[in-house]
Amino acid sequence: MANTTNFRNGFTLVVGGDLWQILKFQHVKPGKGGAFVRTTLRNVKTGRVVDKTFRAGEKVKEARVERREHQFLYQDGLGLHFMNTEDYSQICLQPERIEKREFIKEGGTIDILFHAETELALRAEIAKSVDLRVTQADPGLKGDTATGATKPARVESGAMVNVPLFINEGDVIRVNTDTGDYITRVAT
């Protein structure tokens, strides 16, 4: 058993029989009354986000979640298929359990969260940035770079990203998966 002093971002706990991950928390000591901890929790299975308040020092049940690296193999009618990079076992996940799926390319790696006690795959998380090859981009017009203009480009995972005009087909770019924004061109 843990208590509210153990809270940190990413801490996973059991509330009402479900697994919840702390996105952010704040210890509050009002002038009158007892202290409490205000949290923002995300349901690990469904992704639903809620706010919950705990009394200071309240005991909570900590859930052990393991993060394992997997390689994306392919997608079919059953879902997306991944292979564990350590023991080569395979797992299939439904598309809705995978965040930022539009940035996953075949052969790319992703972390899958497992509940340690039940070995149940909870959800998948992609890295904060990924390197993707541009497969389709209109040519930029010469002399049209003074305004910092952008153009849409399709990357190998199928996602559309706004890129600077100097990016061409075949270039490898780094993309922020949280926002979908272009970061930089990657030297190959």
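Residues numbered from 1 in each chain as written. Predicted model: local features only at pLDDT ≥ 70, side-chain atom pairs only at ≥ 80, totals over all residues. Heavy atoms only, no water.

Caption draft 1: View of the pattern of salt bridges. For the structure on display, the rule yields 12 salt bridges. In this structure, glutamate 156 engages lysine 105 in a salt bridge whose closest nitrogen and oxygen atoms are separated by 3.5 Å. Separated by 51 residues along the polypeptide, glutamate 156 in the loop between strand 13 (150-155) and strand 14 (160-164) and lysine 105 in the loop between strand 9 (90-93) and strand 10 (109-115) bring together distant segments of the chain. Given a relative accessible area of 28%, lysine 105 falls into the partly exposed group. Residue arginine 174 pairs with aspartate 131 through a salt bridge whose shortest N-O separation is 2.8 Å. With a gap of 43 residues between them, arginine 174 in strand 15 (residues 172-176) and aspartate 131 in strand 12 (residues 129-137) connect regions that are remote in the sequence. Looking at aspartate 131, the relative accessible area reads 30%, which means it is partly exposed. If you follow the salt bridges from partner to partner, you end up with Arg42, Arg67, Asp111 and Glu125 in one network. (Salt bridge = Lys/Arg side-chain N within 4 Å of Asp/Glu carboxyl O. Helix = DSSP H or I, 4+ residues; strand = E, 2+ residues; numbered from the N terminus. Buried < 20%, exposed > 50% of the residue type's maximum accessible area, 1.4 Å probe, protein only.)

Caption draft 2: How the structure looks around the pairing of strand 7 (residues 65-76). Both strand 7 and strand 10 contribute to a ladder of seven bridges, which runs antiparallel. Looking at strand 10, one finds that arginine 68 is bridged to isoleucine 112. Sheet analysis places strand 7 next to strand 8 (residues 79-84), joined by six bridges and oriented antiparallel. If you follow glutamine 75 over to strand 8, its bridge partner there is leucine 80. As consecutive antiparallel partners, strand 7 and strand 8 are separated by two residues. (Pairing = 2+ DSSP bridges.)

Caption draft 3: Spatial organisation of the environment of serine 89. Within the element layout of this structure, serine 89 appears in the loop between strand 8 and strand 9. Put simply, serine 89 and alanine 127 are 38 residues apart on the chain and 21 Å apart in space, counted from C-alpha to C-alpha. With near-sequence residues (within four places) excluded, serine 89 lies in contact with Phe82, Met83 and Asn84. Of note is the side chain of serine 89, whose polar atom sits 2.8 Å from the side chain of aspartate 87. (Contact = heavy atoms within 4.5 Å. Polar contact = N/O pair within 3.5 Å; in protein donor to acceptor, adjacent residues only side chain to side chain.)

Caption draft 4: Molecular detail of the side chain of aspartate 171. Structurally, aspartate 171 is set in the loop between strand 14 and strand 15. The exposure class of aspartate 171 is buried, given its relative accessible area of 18%. At a separation of 2.9 Å, a polar atom in the side chain of aspartate 171 contacts the main-chain amide nitrogen of asparagine 168. Those residues in contact with aspartate 171, other than ones at most four positions away along the chain, are Leu132, Arg133, Val134, Phe166 and Arg185.

Caption draft 5: Geometry of the packing of aromatic side chains. All chains considered together, the criterion is met by three aromatic pairs. Ring plane angle 45 degrees and centroid distance 5.7 Å describe the contact between phenylalanine 7 and phenylalanine 11, whose orientation is recorded as tilted. For the pair formed by phenylalanine 7 and phenylalanine 11, the shared burial category is buried. Both rings, one in phenylalanine 7 and one in phenylalanine 54, keep their centres 5.3 Å apart while their planes meet at 80 degrees; by these two values the pair is edge-to-face. Highlighted residues: phenylalanine 7 in the loop between strand 1 (2-3) and strand 2 (12-15) and phenylalanine 54 in strand 5 (residues 49-55), separated in sequence by 47 residues. Each member of the pair, phenylalanine 7 together with phenylalanine 54, is buried. Cation over ring: lysine 52 sits above phenylalanine 54, and NZ or CZ is 5.2 Å from the ring centre. Sitting above the plane of the phenylalanine 114 ring, arginine 68 keeps its charged end 4.4 Å from the centroid. (Phe/Tyr/Trp six-rings, centres within 6.5 Å; stacked < 30°, edge-to-face > 60°. Lys NZ or Arg CZ within 6 Å of the ring centre and 35° of its normal.)

Caption draft 6: Layout of the sheet that holds strand 2. Across the sheet, which stays open at both edges, the six strands sit in the order 1-6-2-3-4-5 with antiparallel pairing between neighbours. The two strands at the open ends of the sheet, each matched to only one other strand, are strand 1 and strand 5. Of the strand pairs in this sheet, strand 4 (residues 36-43) and strand 5 are connected by seven bridges, and their pairing is antiparallel. What sits directly across from arginine 42, in strand 5, is valine 49.

Limitation: the analysis is restricted to geometry and does not speak to function.
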